[in-house]
Amino acid sequence: MLTVLSCIAFEHDPLFVFLAVVILTVGAVLTMRLYARVRRTNGSLKYMWLLLSGLIAGGTIWSTHFVAMIAYESPFILGYDLGLTVISLIVAVSGATAGLLISSVTRSSILIEVGGLVFGASIAVMHFIGIEAMKVSGILTVSMPYVFASVVLACVFGMLATNRVARPVTRYCKYGAVLSFILAVASLHFIAMAGVDVMPLRLDGSINDLVSNRLVGIAIVFTMSVLMLSAMITYSIDSANAQDADNKLHHVAHHDPMTGLPNRRALDRYLDARLSSITNDNARIVVMNCNLTRFKEVNEVLGYSGGDALLRHVAKCLSEHLEQGEFIARLSGDEFVIVGRPVYNRGYILEFCKRVQKLVSQPMSWRGKDIRVGCSVGYALYPDHGSGGVELLDAAERAMRRAKVEGGNAALCYDEDKDQQIRDRSALAMDLRNALKNDEFELYYQLQNDVGTRAVTGTEVLLRWNHPKRGKVPPSQFIPIAEENGLILEIGAWVLRTACHEAAGWSAPVKIAVNIAQVQLSDSKFPGFVERTLKRSGLDPARLELEITETGIIADTTHALQIIHQLKRLGVRIVMDDYGTGYSSLATLQAFPFDKIKIDREFVKDLGRNRQSDAIVKATIILAESLDIPVLAEGVETEEHLRLLAEQGCNEVQGFLFGQPMPASDIRFLVSGLAAERLEDNIPREAGKISLVSQVA
Ligand code: C2E
Ligand code: MG
Ligand code: MG
């Protein structure tokens, strides 16, 4: 008697043995990869991947078995029964598919291992049908203990294979899964075959319908190669697509879509890596914050498309000409951060700043115009101004803000003391966000008086912020911040609403003048808001004056003019505030239908002492007279001021001479006094002009 195994070990065709090993290894790798893909996929695509993995797994099991058997050059093996051979293939494919299906329908339950068991069992069933298909010239006997041991091992390794893919502990578990598959097939084959005995006999009967060994072998290897190649190509295409999508996602997450430059997230990562790579204590790294100057104007004049084009142009100039080891990112709006390479001398830092400023100022051609901007630069040094990315970026930003205030394309290094002011401003900006909600604002009212009669002609509404910790914060400190962060829209709306309701409740029809910021005026909804506020408060529109400054209308004169006309149609009066401090062009005065001009207090304070101030006040009054616009002078503190203004023909005044800005309760009291006086006098008066006030002030 001869054991089949001993014959396989000693009498074999090395080519077919090699092919069996290759098929099993490649098939195992492919099957486990595809099985992992099945687990990662949902929907109908999952079943497509499952079908492919079942085909590859079943094909691998089946072809390994047959190629290994064919490798055996035994005179006893006559050939294979075609019917049973086909059945064994069907069993291998369907069994493997069923096993993989069961183990992939769950995320973490025991079904993972149950599927693996079915997978292992299908290897065993296929194997024994394959043995049955083998026609030998002798009597073939099978030893049951071997059969049992081989089936158990196939099932255990089958379970291990699915388990390693579905419950990985390290990234090497996928190799464990491949090895388990190989061991499931190999252990079953060798142990089961070790229990097979053939008693040589001369067989009679027909063996005509048996297929030749080598022919079957070649056909199997060919079919399997095509199948595996197709699966490999499919899997590679899928992996390449997934990688491509992954790269795109990564790019989107780390880059600014408009300029294509790295974004804040990428910058943080870069800085972390860059700082941790520094090993030399003497090395310095410069982190520069670069903010474009006049970008707002470019946006206003060229529109957002022009602004975007400029940002792209600056990004291109910078990124294309930076030197090796330098890194650029766009944070937001017109803010760029550039990180220098590690340096040991300060000369590089100055050269770096100059180079960046020169690159930013490269002119851009836009629809026939040459656009050129500059930039304010602030920089911080590692490790002097911070040991981490966040600290350095923060310091560079503060230095940039100081450079912006200084103007003229300054490049400043972070300075703790000097940047404290900027820090205060940021803290104030944060508190400002809660000020409205916490009811911390209050309105004060300052009288406006007729120059000749000294009668009250109106009041200017002035905003006050009662800060819970800092006390009263003057508007000159918080209005620019509110204008910068857009909160002025909300605050301005509150001022107008509160002032209209307050004035509507007064016992005499005194006028109110409310300051309007540029952003409010450029908002197309503003006239509608004013109309609603007047209606709701019941205030006569003739009692409302809106004070606007020249800077508020210069950005987009056409739009501002439209809004002003709409406001005037409501019956509201428009006043030009702070005259003399802006462009103060004759054209502005002619183009805009102002109802009053307010000369800034800067010129009034030196009246009689400074010839230039005298000249400006005089010229303004003459000009206004010729345009038929009344003039009010602000900042009138002395009788001398009043006398000089009266001489020059000024109509109204506002200043400490007649009173400091006062809270609502005081103005209410004062107005009620004026109303009573008016009743006593019983003299009909012009609307808004009531009594003498010098004694009240
Ligand atoms: P403004 O509109 O020119 O207001 C006049 C400023 O001159 C007020 O300062 C007022 O207190 C001050 N003043 C009045 N008379 C005299 C005087 O005789 N001598 C001196 N030295 N100063 C005098 P205030 O209240 O600090 O307001 C400053 C600026 O803040 C205002 O200038 C205005 O531009 C802005 N502002 C105030 N309230 C608001 C508001 O509700 N909205 C907006 N957008 N801006 C406001
Ligand atoms: Mg004003
Ligand atoms: Mg003013």
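> Can you help me understand the side chain of Arg355 in this one?
Here Arg355 is to be found in helix 11 (residues 346-360). By relative accessible area, Arg355 is classed as buried at 14%.

> Could you clarify how one ought to interpret the site of ligand 1 in this entry?
Around ligand 1, the surrounding shell holds 21 residues, and the nearest of these are Arg464, Asn515, Asp577, Arg601 and Glu637. For ligand 1, a nitrogen atom lies 3.1 Å from a polar atom in the backbone of Leu463. In the environment of ligand 1, a nitrogen atom lies 2.6 Å from a nitrogen or oxygen atom belonging to the side chain of Glu637. Of all the elements in the fold, those that place two or more residues in the shell around ligand 1 are strand 15 (455-467), helix 14 (475-485) and strand 19 (573-579). The element that contributes the greatest number of residues to the shell around ligand 1 is strand 15, accounting for four residues. Partitioning the shell around ligand 1 into residue classes produces nine nonpolar, four polar and eight charged.

> Quick question: what am I supposed to make of the environment of Val252 here?
Following the sequence through the fold, Val252 ends up in helix 8 (residues 213-254). For Val252 and Ala273, which are 21 residues apart along the polypeptide, the C-alpha to C-alpha distance reads 20 Å.

> Honestly, helix 6 (residues 144-166) in this entry has me stumped. Any pointers?
Note: α-helices contain 3.6 residues per turn, so residues at a spacing of three or four share the same orientation. Here helix 6 is 23 residues long and its end C-alpha atoms lie 33 Å apart, about the 33 Å a rise of 1.5 Å per residue gives. Residues of helix 6 that are buried: Val147, Ser150, Ala154, Cys155, Phe157, Gly158, Ala161, Thr162, Asn163, Arg164, Val165 and Ala166. Contacts from the buried residues of helix 6 go to helix 2 (14-40), helix 4 (82-104), helix 5 (111-133), strand 4 (138-142) and helix 7 (173-194).

> What am I meant to see in the coordination of the magnesium ion (ligand 3) here?
Think of it this way: four donors in a tetrahedron around the metal ideally sit 109.5 degrees apart, and six in an octahedron ideally sit 90 or 180 degrees apart. Summarising the metal site, the magnesium ion (ligand 3) is bound by the protein donors Asp577 (OD), Asp578 (OD), Glu634 (OE) and Glu634 (OE), whose distances to it range over 2.0 to 2.5 Å. Taken in chain order, the donor set of the magnesium ion (ligand 3) reads D-D-x55-E. Separation of the magnesium ion (ligand 3) from the magnesium ion (ligand 2) amounts to 3.9 Å, with Asp577 serving as a shared donor to the pair. Highlighted residues: Asp578 in strand 19 and Glu634 in strand 21 (residues 631-634), separated in sequence by 56 residues.

> Quick question: what am I supposed to make of the sheet that holds strand 12 (residues 375-382) here?
The five strands lie next to each other as 8-9-7-12-13, forming an open sheet whose pairing is mixed. At either end of the open sheet lies a strand with only one pairing partner, and these are strand 8 (327-332) and strand 13 (411-413). Between one strand and the next, the sheet's axes are offset by a mean angle of 20°, whatever the strand orientation. Both strand 8 and strand 9 (residues 335-339) contribute to a ladder of five bridges, which runs antiparallel. Paired with Phe327 across the strands is Val339, a residue of strand 9. Relative to strand 8, helix 9 (residues 264-276) is tilted by about 140°, and along the sheet it contacts strand 7 (285-292), strand 8, strand 9 and strand 12.

> I'm lost on the nonpolar core in this one. Help?
One finds Leu432, Phe441, Ile512, Val514, Leu544, Leu546 and Leu645 to be the most contacted residues of the largest nonpolar core, which totals 80 residues. It is helix 15 (residues 488-504) that contributes the most residues to this core, nine residues altogether. Filtering out sequence-adjacent residues up to four positions away, Leu544 remains in contact with Leu496, Cys500, Ile512, Val514, Val530, Leu534, Leu539, Val572 and Arg573. Core analysis: the next-biggest nonpolar cluster, separate from the first, contains 60 residues, Leu24, Leu34, Val136 and Val185 among them.

> Teacher, can you tell me more about unusual backbone geometry here?
For residues that are not glycine, phi is negative in most cases, and the peptide bond is trans in most cases. Of the consecutive residues Tyr382 and Pro383, the connecting peptide bond is found in the cis state with omega at 5°. Tracing the chain through its elements places Pro383 in the loop between strand 12 and helix 12 (389-406). Look at Arg294: it is not a glycine, yet its phi comes out positive at around 60°. Following the sequence through the fold, Arg294 ends up in the loop between strand 7 and helix 10 (295-321). Of note in the backbone geometry, Asp578 takes a positive phi value of approximately 50° without being a glycine.

> What should I look at first to understand the state of the cysteines in this one?
Linking two cysteines covalently through their sulfur atoms gives a disulfide. Within the structure shown, the criterion is met by zero disulfides. There is no disulfide at Cys290, and the cysteine sulfur nearest it, in Cys375, is 3.5 Å away.

> Explain the coordination of the magnesium ion (ligand 2) to me, please; I cannot follow it from the model alone.
Surrounding the magnesium ion (ligand 2) are the protein donor atoms Glu460 (OE), Asn515 (OD1), Glu547 (OE) and Asp577 (OD), at 2.0 to 2.2 Å. Linear spacing of the donor residues for the magnesium ion (ligand 2) on their chain is E-x54-N-x31-E-x29-D.

> How do you make sense of the pattern of salt bridges when you look at a structure like this?
Side-chain pairing between opposite charges can occur once the charged atoms of the two side chains come close. Counted by the stated rule, this structure contains 30 salt bridges. Residue Lys598 is joined to Glu460 by a salt bridge in which the shortest nitrogen-to-oxygen separation is 2.9 Å. Within this pair, whereas Lys598 is found in strand 20 (residues 596-599), its partner Glu460 is found in strand 15, the two being separated by 138 residues in sequence. Using a relative accessible area of 0% as the deciding quantity, one classes Lys598 as buried. Between Glu545 and Arg573 there is a salt bridge; the shortest N-O distance is 3.4 Å. A residue pair is termed long-range when its members are at least 10 positions apart, and Glu545 in strand 18 (residues 544-548) and Arg573 in strand 19 qualify at 28 residues. On the accessibility criterion, Glu545 (2% relative accessible area) is buried.

> Is there a simple way to explain a nonpolar patch on the surface in this structure?
There is a patch of nonpolar side chains on the surface, built from Tyr47, Leu101, Val105, Ile110, Leu111 and Val114 and spanning about 520 Å² of accessible area. With respect to the helices and strands, the residue Leu101 is situated in helix 4.

> How do you make sense of the side chain of Glu335 when you look at a structure like this?
Following the sequence through the fold, Glu335 ends up in strand 9. Of the buried charged residues, Glu335 lacks a salt bridge, with Arg401 as the closest side chain of opposite charge at 5.0 Å. Beyond its immediate chain neighbours, meaning those up to four positions away, Glu335 contacts Asn289, Cys290, Asn291, Ala329, Arg330, Glu397 and Met400.

> I tried to follow the pairing of strand 20 on my own but got confused; where do I start?
Strand residues, when the strand is regular, have side chains that alternate between the two faces of the sheet. Neither face of strand 20 is left uncovered, since the one carrying Lys596 and Lys598 and the one carrying Ile597 and Ile599 both have all their residues buried. As judged from the three bridges shared by strand 19 and strand 20, these two strands associate in the parallel manner. Each bridged residue has a counterpart across the sheet, and for Tyr579 the counterpart in strand 20 is Ile599. Note: strand 20 against strand 21, three bridges, orientation parallel. Residue pairing across strands places Ile597 opposite Val631, the latter belonging to strand 21.

> Can you help me understand the environment of Ala591 in this one?
Take Ala591: it is sitting in helix 20 (residues 586-591). On the basis of relative accessibility, which here comes to 42%, the residue Ala591 falls in the partly exposed class. Distance in space between the C-alpha atoms of Ala591 and Gly138 is 117 Å, their sequence separation being 453 residues.

Rules and cut-offs
For every chain, the first residue of the written sequence is number 1, and numbering continues from 1 onward in sequence order. Chains and ligands are labelled sequentially in the order written, the chains with letters from A and the ligands with numbers from 1. Local features in a predicted model are, by the rule used here, given only for residues with pLDDT of at least 70; side-chain atom pairs are given and counted only at 80 or more, and totals for whole chains, interfaces and linings are based on all residues. Side-chain metrics in this entry use all non-hydrogen atoms of the structure; hydrogen atoms and water are not considered. A run of H or I in DSSP counts as a helix once it spans at least four residues, and a run of E counts as a strand once it spans at least two, with each numbered from the N terminus. Under the scheme applied here, a residue whose accessible area is under 20% of the maximum for its type counts as buried, over 50% as exposed, and between as partly exposed, the area being computed with a 1.4 Å probe on protein chains only. Nearness is defined per residue: one heavy atom within 4 Å of the molecule or strand is enough. Counted as a polar contact is a pair of N or O atoms within 3.5 Å, where, for protein atoms, one must be capable of donating a hydrogen and the other of accepting one, and residues adjacent in sequence contribute only when both atoms are in side chains. For this classification, the nonpolar set comprises Ala, Val, Leu, Ile, Met, Phe, Trp, Tyr, Cys and Pro, the charged set comprises Asp, Glu, Lys and Arg, and every other residue, Gly included, is treated as polar. In this analysis, the expected span of each helix is defined as 1.5 Å times one less than the number of residues it contains. Every residue pair with non-hydrogen atoms within 4.5 Å of one another is taken to be in contact. Sodium, potassium and calcium take a 3.2 Å donor cutoff, other metals 2.8 Å, and in both cases only N, O and S atoms count; water is not among them, so sites may look incomplete. Each pair of strands is called paired provided DSSP finds at least two bridges between the two strands. For helices, the fitted axis covers only the stretch in contact; all axes are lines through C-alpha atoms, and the angles between them, taken along N-to-C directions, range from 0 to 180 degrees. Here, nonpolar core refers to any group of buried Ala, Val, Leu, Ile, Met, Phe, Trp, Tyr and Cys residues whose side-chain atoms link them within 4.5 Å. The term disulfide is used for any two cysteine sulfur atoms that are within 2.5 Å. One side-chain nitrogen of Lys or Arg within 4 Å of one carboxyl oxygen of Asp or Glu is enough to make a salt bridge. Patches here are clusters of residues that have more than 30% relative accessible area and form no salt bridge, with a 9 Å joining cutoff for like charges and a 5 Å cutoff for nonpolar side chains (Val, Leu, Ile, Met, Phe, Trp, Tyr). Computed with the Shrake-Rupley method and a 1.4 Å probe, the accessible areas treat only the protein chains shown as cover for residues. A residue counts as positive if it is Lys or Arg and as negative if it is Asp or Glu; His and the chain ends are not included.

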